[in-house]
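The primary structure of each chain is shown beneath.
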Amino acid sequence: MFSKHGSCSLSNVFRRGIGRPQLHRFHGANNVNVSPSISVNVETEGRGIELYDPEGRKHMIHSIWLRERTNNAEKIHAESRQRLFDVSDYVSSDGDIASGSRISDVSLTGSDLSVEYADGSSDCFDLKCILAELQDPNTLPTFISGKRGAFPMSLSTPKPHLWGSDLSGHFSIDMATHEHDEIVNSQGKMADFLNDLFRYGTALVKGTPTDRDVYERFLLKFGLLRDTNWGKWFQVMATSNKADSESDDGVSVADAAFTNLGIPFHTDGPYNRNPLQHQLLQCIKQSKQGGESQLSDGFAAARALQLHYPKQFDILTKTKLRFRYYDDNVDMFTVRPMIVTDDGGAINSVYYSGRVDASPSFENIEKATEFYYAKKLFTEHINEATRQISFKLEENDMLIFDNCRVLHGRSAFQDVEKEKQTASNPVESPSEKDHTTNNQVVDGVKLDSVSRFLRGCYMDSIDIRLRKYNRVLSATSRSYSTTTARVGFVQLDECTENDMEIISDLYSTATTGEKLAERSLALLKMLGSGSIDNPCHVDDGHLGANVDLLEHGLQTATRAFRDGQEDEVVVAALLHDIGELLSPSNHGEFAASLLRPFVSPKVSWMLQHHEVFQMYYYNHKMNPPGDRNIREVYKGTEDGKSTCAGVTVPGESYQFTVDFCEKYDQKSFDPNYSSMDIKEFEPLVTRVFSRDAYWHTPNHPKKGAVTG
């Protein structure tokens, strides 16, 4: 067995732009100056350390700053990684560093930075993480970056490519076009797609599924759907050239988007106090004539205004507009500038809508005139040819764009009836005819009745998922390819340090909490009945009961969840019978072994023995009758150190297992019970599998094993 937590090199920590990463390695033991490019010393009064990085830059690191990032098991909670102390405890009453918190010694061994304090305590840090944070303030601080040895990760999103010949240059939608089947099956392709979205402000995905449930599962891979005044989903249907309140079929038209009219550039929902971050439009049916999608880079327009007309730019960042939308159900209102900048003056967001905004009351005519002139100049930059693109969505295309950066619009359609007449013209070639929908109904809409149908939604938290995918990829983006990296040995005793670095990195990537959860739930789904969504299943999942093993697990977990149990108990309930058809006489041990590194000893003990405790409810009804109290053989044994694979188990485990079976397990064979959907448990399962392995037993011999 090999540990993932040993010394490691500084491979690929230091990057310049998108160039090839540089390699830095540390050598020697207990040497303060371990290489010509790295040196570290204690500050004269012990208030911190003085560190020179490989590029010769000097960093003064405060003692308490290091204390904040401690990996000391006595100072941080093993599971949550939260500190068990207040940093103010290390500050003296006169405002200086407390004497016991001053640094008495510092040393480097490999990439381990060892620090000793005057009070006799010590810390050991992964220097690559410390240096990454010092060089990039957006790098995740080490004390919340997860397990020790994790590759340092920047929280920064890609630098925006501002559209326009006078800024970052040309942009076309082809530069950010991706295929659904590639994205959904590759974390690397998913990261490429999301990085393009943040770089260009928009991206296009081709071949997305029409079925809304399947489509939603795809979306949830990279963000969270947002409920708005339109609901979670909205439909954009072009049915008429009317711009008044009713379409030809009597359906109320609450927005010009639901007509065949052209739509000028705008951002959606500026009246929302919490801005609508990303908008998605999926093309279900497309008109043959007109209806091109149009996008303009609001950041580029604002930056051009800032460069050429700084006074007018300043006016638009300081003049707060009033945005309002109301109907029979809502009345939404907020106040904000048209251009918002951050504390450093960088453009942060753009809100532009000529339909729902109102300028404030100005103190005089001159102020008002200056504002309207500034708005006119901004509008001209938005409409500048090199700052906008126009293209036509094809069916099953998904367009996504940053609604706080990219303005969107569309060209006009021709009427539905005219389009139908054009499509049926016998002189046209078959390739020019309009798409035939054959009375198809999607989301309750008859496609033959509309000239264009887009399924829309808004999403938040995409930056969170981007960081996740970048984190996974960064762990394997060393000096070798994740798909071709191979070790040189054919038997384990021949391995080298470099071999183990490769294995350790790839092992970490292949065993993320999300992947472990995905595999476990896939195995659970096999125990359910076959369906379109669950084609891989066993034929014997019912075992004569009124529900199959999947439904039994869902019922058990739902009861535990609704009873207010912790995540680990709910997940244990969901997966407790996952090994029933693989190890029928020992299926409790199967589930216990799967979850033991990630759940408390009490829960793994329950999983290990629950099938014996379940016999209380049926063993006396067998032929011949058995002892329903057979579970009592375990009374008192749960306190033994060897009872649960070397993990000390608390004494309440017996009664906990009795209660689990009584309240959740034995009740869950009811075909009429309303269980939660398996998708609702996915976040809980991922959270449990994302815990540090054996967090409850820090010295467990299996902690850190990566191969074997």
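From a predicted model like this one, the values you see are computed outputs, not experimental measurements.

What counts as what
- For every chain, the first residue of its written sequence is number 1, and the numbers climb from 1 along that sequence.
- Note on the predicted model: pLDDT of at least 70 is required for a residue's local features to be given, and 80 or more for side-chain atom pairs to be given and counted; whole-chain, interface and lining totals, by contrast, use all residues.
- Side-chain measures here rest on the full set of heavy atoms in the structure, leaving out hydrogens and waters.
- Think of it this way: any DSSP run of H or I at least four residues long counts as a helix, any run of E at least two long counts as a strand, and we number them from the N terminus.
- Each residue is placed in one exposure class: buried if its accessible area under a 1.4 Å probe, protein chains only, is under 20% of its type's maximum, exposed if it is over 50%, and partly exposed if it falls in between.
- Only the protein chains shown count as cover for residues, with accessible areas throughout obtained via the Shrake-Rupley method and a probe of 1.4 Å.
- Note on contacts: a residue pair is in contact if any heavy atoms of the two residues lie within 4.5 Å.
- Pairing between two strands requires that DSSP report at least two bridges joining them.
- Throughout, an axis means a line fitted to C-alpha atoms (over the contacting stretch in the case of helices), and angles, computed between N-to-C directions, take values from 0 to 180 degrees.
- Here is the rule for angles: anything less than 35 degrees is roughly parallel, anything more than 145 is roughly antiparallel, 65 through 115 is roughly perpendicular, and the remaining ranges are oblique.
- By the definition used in this description, the sense in which the near helix is turned from the far one sets the handedness, with an anticlockwise turn below a right angle giving left-handed and a clockwise turn giving right-handed.
- Residues are grouped as follows: Ala, Val, Leu, Ile, Met, Phe, Trp, Tyr, Cys and Pro are nonpolar; Asp, Glu, Lys and Arg are charged; every other residue, Gly included, is polar.
- The term salt bridge refers to a pairing of a side-chain nitrogen on Lys or Arg with a carboxyl oxygen on Asp or Glu at a separation within 4 Å.
- Any pair of N or O atoms that falls within 3.5 Å is considered a polar contact. Within protein, one atom must be able to donate a hydrogen and the other to accept it, and sequence-neighbouring residues count only if both atoms are side-chain atoms.
- Residues enter patches when their relative accessible area tops 30% and they take part in no salt bridge; the joining distance is 9 Å for like charges and 5 Å for the nonpolar side chains Val, Leu, Ile, Met, Phe, Trp and Tyr.
- For the purpose of counting charges, residues Lys and Arg are taken to be positive, whereas Asp and Glu are taken to be negative. His and the chain ends are not included.
- Where a charge sits is defined by one atom per residue type, namely NZ (Lys), CZ (Arg), CG (Asp) or CD (Glu).
- Classification of ring pairs rests on two measures: the distance between centres of Phe, Tyr or Trp rings, Trp counted by its six-membered ring, which must be within 6.5 Å, and the angle between planes, read as stacked under 30 degrees, edge-to-face over 60 and tilted in between.
- For a Lys NZ or an Arg CZ to count as sitting over a ring, it must be within 6 Å of the ring centre and within 35 degrees of the ring normal.
- As a per-residue quantity, pLDDT reports the predictor's confidence and falls between 0 and 100.

S.K.: Any details on the overall build of the protein chain? Residues and values, ideally.
M.R.: Per the secondary structure count, the protein chain includes 18 helices and 24 strands. Of all 708 residues assigned to the protein chain, the portion counted as buried reaches 46%. Taken as a whole, the protein chain presents about 34200 Å² of accessible surface, with 49% of it coming from carbon and sulfur.

S.K.: Quick one: what's the story with helix 2 (residues 127–135), residue by residue and with numbers?
M.R.: Given 3.6 residues per helical turn, the α-helix brings residues three or four places apart onto the same face. The element helix 2 is largely enclosed, with a buried count of 7 among its 9 residues. The set of residues buried in helix 2 consists of Leu127, Lys128, Cys129, Ile130, Leu131, Ala132 and Glu133. Packed against the buried residues of helix 2 are strand 2 (48–52), strand 3 (58–62), helix 1 (63–68), strand 4 (103–109), strand 5 (112–117) and strand 6 (122–126).

S.K.: Give a detailed account of the sheet that holds strand 14 (residues 320–326), specifying residues and quantitative values.
M.R.: In spatial order, the strands read 15-14-18; together these 3 strands make up an open sheet with antiparallel pairing. Each having just a single partner strand, strand 15 (331–337) and strand 18 (357–358) make up the two edges of the open sheet. The pairing of strand 14 with strand 15 spans 7 bridges and is classified as antiparallel. Residue pairing across strands places Tyr325 opposite Met332, the latter belonging to strand 15.

S.K.: Report on unusual backbone geometry, specifying residues and quantitative values.
M.R.: The peptide bond linking Asn623 to Pro624 adopts the cis configuration, its omega dihedral lying at 0°. Its place among the elements puts Pro624 in the loop between helix 16 (601–614) and helix 17 (653–665). Its identity as a non-glycine residue notwithstanding, Asn396 has a phi of 75°, on the positive side. Inspection of the secondary structure assignment puts Asn396 in the loop between strand 19 (388–391) and strand 20 (398–402). Backbone geometry places Ser461, a non-glycine residue, at a positive phi of 65°.

S.K.: So, the packing of helix 14 (residues 567–575) against helix 16: which residues are in play, and what are the values?
M.R.: Contact geometry of helix 14 with helix 16 gives a least axis separation of 10 Å together with a crossing angle of 15°. Relative to helix 16, the element helix 14 is oriented roughly parallel. For helix 14 against helix 16, the interelement crossing comes out right-handed. For the pair helix 14 and helix 16, the contacting residues are Glu568, Val569 and Ala572 in the first and Val603, Met606 and Leu607 in the second. Considering only residue class, the contact of helix 14 with helix 16 consists of 5 nonpolar, no polar and 1 charged.

S.K.: How would you summarise the pattern of salt bridges if you had to cite specific residues and measurements?
M.R.: Where charged atoms of side chains with opposite charge meet at close range, the side chains can pair. Overall, the coordinates contain 26 salt bridges when judged by the stated rule. Where Arg67 meets Asp119, a salt bridge forms, and the shortest distance between an N and an O atom there is 3.1 Å. Taken as a pair, Arg67 in helix 1 and Asp119 in the loop between strand 5 and strand 6 lie far apart in primary sequence, 52 residues in all. With a relative accessible area of 4%, Arg67 lands in the buried category. Asp563 is the salt-bridge partner of Lys663, the closest N and O atoms lying 3.0 Å from each other. Of this pair, Lys663 sits in helix 17 while Asp563 sits in the loop between helix 13 (549–562) and helix 14, placing them 100 residues apart in sequence.

S.K.: Can you lay out the packing of helix 14 against helix 18 (residues 678–689) for me, pointing to particular residues and giving the numbers?
M.R.: It is at 9 Å that the axes of helix 14 and helix 18 come closest, and there the two elements cross at 110°. As summarised for this structure, helix 14 and helix 18 are arranged roughly perpendicular, according to the angle between their axes. On the side of helix 14, the interface is formed by Asp567, Glu568, Val570, Val571, Leu574 and Leu575, while helix 18 contributes Phe681, Leu684, Val685, Arg687, Val688 and Phe689. Taken together, the residues of the contact of helix 14 with helix 18 break down into 9 nonpolar, no polar and 3 charged.

S.K.: Would you mind going over the side chain of Glu611 in detail, with residue names and values included?
M.R.: Position of Glu611 among the secondary structure elements: in helix 16. Here the side chain of Glu611 touches Gly588 through a polar contact of 3.1 Å, landing on its backbone nitrogen.

S.K.: Which residues make up a negative patch on the surface, and what are the values?
M.R.: Negative charge collects at one region of the surface, where Glu518, Asp677, Glu680 and Glu682 lie side by side. By the element assignment, Glu518 lies in helix 12 (residues 513–525).

S.K.: Talk me through the pairing of strand 8 (residues 202–206); I want residue IDs and the actual numbers.
M.R.: The element strand 8 is extensively covered by neighbouring structure, given that 4 of its 5 residues are classed as buried. With 3 bridges joining them, strand 7 (residues 177–179) and strand 8 adopt parallel strand pairing. In the sheet register, His178 faces strand 8, and the bridge partner there is Val205. The sheet contact formed by strand 8 and strand 20 spans 4 bridges and is antiparallel. Looking at strand 20, one finds that Val205 is bridged to Met398.

S.K.: Could you give an account of the packing of aromatic side chains, with specific residues and numbers?
M.R.: Going through the model one piece at a time under the given rule, you end up with 20 aromatic pairs. Look at Phe362 and Tyr372: their rings are 6.2 Å apart centre to centre, the planes differ by 70°, and that puts the pair in the edge-to-face class. One end of the pair, Phe362, is in the loop between strand 18 and helix 8 (365–382); the other, Tyr372, is in helix 8, with 10 residues separating them in the sequence. Residue Phe362 is classed as partly exposed on the basis of its relative accessible area, which comes to 24%. Look at Phe660 and Tyr664: their rings are 5.7 Å apart centre to centre, the planes differ by 75°, and that puts the pair in the edge-to-face class. Here Tyr664 and Phe660 lie together in helix 17, a separation of 4 residues that amounts to about one turn. Residue classification places Phe660 among the buried residues on the basis of a relative accessible area of 1%. These aromatic residues form a ring-pair network of at least three members: Trp605, Phe613, Tyr634 and Tyr654. Residue placement shows Arg67 over the ring face of Tyr117; its charged tip is 3.7 Å from the ring centre. Of note, Arg69 hangs over the ring of Trp65, and the distance from its end group to the ring centre comes to 3.7 Å.

S.K.: A description of the environment of Val569 should follow, citing residues and the corresponding values.
M.R.: By the element assignment, Val569 lies in helix 14. What makes Val569 buried here is its relative accessible area of 4%. Placed 119 residues apart in sequence, Val569 and Val688 show a C-alpha to C-alpha distance of 9.9 Å. When residues no more than four places from it in sequence are discounted, the contact partners of Val569 are Val603 and Phe656.

S.K.: Account for helix 15 (residues 587–595), naming residues and giving values.
M.R.: Within helix 15, burial applies to His587, Gly588, Glu589, Ala591, Ala592 and Leu595. The secondary structure elements touched by the buried residues of helix 15 are helix 14, helix 16 and helix 18.

S.K.: Explain the sheet that holds strand 3 to me, and be specific about the residues and the numbers.
M.R.: On the basis of which strands lie adjacent, the open sheet formed by 3 strands has the order 1-2-3 and antiparallel pairing. The open sheet has two edge strands, strand 1 (39–42) and strand 3, and neither has a second partner. Taken over all neighbouring pairs, the strand axes of this sheet differ in orientation by 20° on average, direction set aside. In terms of strand pairing, strand 2 meets strand 3 through 5 bridges, oriented antiparallel.

S.K.: I'd love a proper account of the confidence of the model for the protein chain, names of residues and values included.
M.R.: On average, the protein chain scores 80 in pLDDT, and the residues at 70 or more come to 78%. Throughout residues 145–149 the model reports pLDDT below 50, and contacts reaching past four residues in sequence, or to other chains, amount to 14 contacts.

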